[in-house]
Amino acid sequence: MDPVDLLAELVRRPSVTPDDGGTLDVVGSLLTEAGYAVERMDAGGTRNLYATKGAAAICLAGHVDTVPVGGSWTRDPHGATVENGLLYGRGACDMKGGVAALVAAALDAPEGVAVLLTSDEEGPAHHGTVEVLRRLHEEERLPRAAVVCEPTSETVFGDAFKIGRRGSLSGRIVVRGTAGHVAYPDRADNPVHRLAPALADLVATRWDDGDDYFPPTGMQVHLLESGSETSNVVPGTARVGLNFRYGPASSVAGLTERTEETFRRHGATIATEWRGSCEPGRTAHGAVARGGFPGRRPRPPRLDARRDVGRAVFRRVRRPRRRVRDGADRDARSGRSGPDGRRPSSRRSPQAAGPNDRLGVFRIERSAETVAEEVEREDRQREQQTGPHELDRVGG
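First things first, this report covers the structure right here in the doc. (Residues numbered from 1 in each chain as written. Predicted model: local features only at pLDDT ≥ 70, side-chain atom pairs only at ≥ 80, totals over all residues. Heavy atoms only, no water.)

### Focus on the sheet that holds strand β11 (residues 218–225)
Here comes step 1: Here we have 4 strands laid out as an open sheet, ordered β11-β13-β9-β14, and antiparallel in their pairing. Across the chains shown, the open sheet's two edge strands, defined by having one partner strand only, are β11 and β14 (269–278). In this sheet, neighbouring strand axes are inclined to one another by 20 degrees on average, regardless of whether the strands run parallel or antiparallel.
Here comes step 2: Summarising the sheet, β11 and strand β13 (residues 237–246) pair through 7 bridges and their orientation is antiparallel. Across the sheet, G218 pairs through a bridge with R245, a residue of β13.
Here comes step 3: Lying over the sheet, helix α5 (residues 191–204) contacts β9 (167–176), β11 and β13, oriented at roughly 15 degrees with respect to β13. (Pairing = 2+ DSSP bridges. Helix = DSSP H or I, 4+ residues; strand = E, 2+ residues; numbered from the N terminus. Axes fitted to C-alpha atoms, helices over the stretch in contact; angles between N-to-C directions. Contact = heavy atoms within 4.5 Å.)

Encoded structure:
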């Protein structure tokens, strides 16, 4: 299965959270034909798929839902248009591109692989992966490890190792005033005028300084409205929506208290609603990220299923094509064999791109063994220079 063709099919199916838009039916059919036992674990309006081929040693996981289209598009957000090696569409990067790659890898993989997909990641995320894992735990069927194919690389494929995630806290603050006519402001209390200076203070606030693993807490406004579009009416309420991404240096209680106090300091009467979708967390040193061996970098997996899936993933997804005259491109054009004895392919496959994101080109670059050797070599060099390696970035 060409992952680019599958990606185009998924993008053409709108799937705003928690709707899957029929994407799980498409994936389920492909996996069934490849010999997987496909189960649907839908719950609470969320559609979930879990597929296995034999006893699951490793799980390839992702989500098929997207945020609403929004913004101004120059192309059909669900047209899967390919231009100049780029595929445009809502969810092309986050994360239908990753889903296409993991499914293509799973179709090539031997027994010992599972696939977990949900339609509830961009929303509350209460009935998606959490629900599937709960059931698998009760049935004593949890896989031993997982690869989550989110677009978390920063420049090229595989350049970032995520060791945890930030917490996410969303708030809706309603500022109450007194509606009236703009010609008689003394008879009204405009809530927007109280909201604006409070919001300016919040935007300028430095919430914390982060730590060795987490960046400083950040706040972003995603909603701002007064509920009135009539030009001669003073609104009775104004509403703002906020989201915090925070690490252990801040807490839910601290963030909510400081936010509400800022509004009260500006004389605002408020009603608030807070919702946290996850707490910040970091992988315990040596527990998972290092394969159970404290102080050591992850070693190449020993299970055949993991090894073969690794090969499949590296066959399917590679770093974005660079325009520099690298040896691989020269070899492809000239027909010469590469350093590993193989003849590189000159076939150009599309990338996946959204308005502000892109997924790497799908074509062969390096084998899993080559990557493992590079990790081992870099690990030895780093430990000689600075001692045991510390992973230094988190996702979320």
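### Notes on helix α2 (residues 23–33)
Because each turn of an α-helix spans 3.6 residues, side chains separated by three or four positions in sequence point in the same direction.
Here comes step 1: Taken together, the buried positions of α2 are T23, L24, V26, V27, G28, L30 and L31.
Here comes step 2: Contacts made by the buried residues of α2 are with α1 (3–11), β1 (37–40), β2 (48–53), α3 (92–108) and β6 (113–118).
Here comes step 3: Directly beyond the C-terminal end of α2, a positive phi value near 95 degrees is found at G35. (Buried < 20%, exposed > 50% of the residue type's maximum accessible area, 1.4 Å probe, protein only.)

### Some details on the side chain of N190
Here comes step 1: As for its position among the elements, N190 is in the loop between β10 (180–181) and α5.
Here comes step 2: On the basis of relative accessible area, N190 is assigned to the buried category, the value being 18%.
Here comes step 3: Polar contacts involving the side chain of N190 include one to the main-chain amide nitrogen of V192, which spans 2.9 Å.
Here comes step 4: In contact with N190, not counting residues within four places along its chain, are V234 and P235. (Polar contact = N/O pair within 3.5 Å; in protein donor to acceptor, adjacent residues only side chain to side chain.)

### Thoughts on the sheet that holds β6
Here comes step 1: Across the sheet, which stays open at both edges, the 5 strands sit in the order β1-β2-β6-β3-β7 with mixed pairing between neighbours. Edge positions in the sheet fall to β1 and β7 (145–148), since each of these pairs with one other strand and no more. Adjacent strand axes in the sheet meet at a mean angle of 20 degrees when their direction is disregarded.
Here comes step 2: Strands β3 (58–63) and β6 of the sheet are contacted by α3, whose axis makes an angle of about 150 degrees with β3.
Here comes step 3: Contacting β2 and β6, helix α4 (residues 129–138) crosses the sheet at an angle of about 140 degrees to β6.

### Here we look at a nonpolar patch on the surface
Here comes step 1: The grouping of V203, V221 and L224 at the surface amounts to a nonpolar patch, some 260 Å² of accessible area in total.
Here comes step 2: Of note, V221 is situated in strand β11. (Patch = residues over 30% accessible without salt bridge, like charges linked within 9 Å, V, L, I, M, F, W, Y side chains within 5 Å. Areas by Shrake-Rupley, 256 points an atom, 1.4 Å probe, with all protein chains shown as cover. Salt bridge = Lys/Arg side-chain N within 4 Å of Asp/Glu carboxyl O.)

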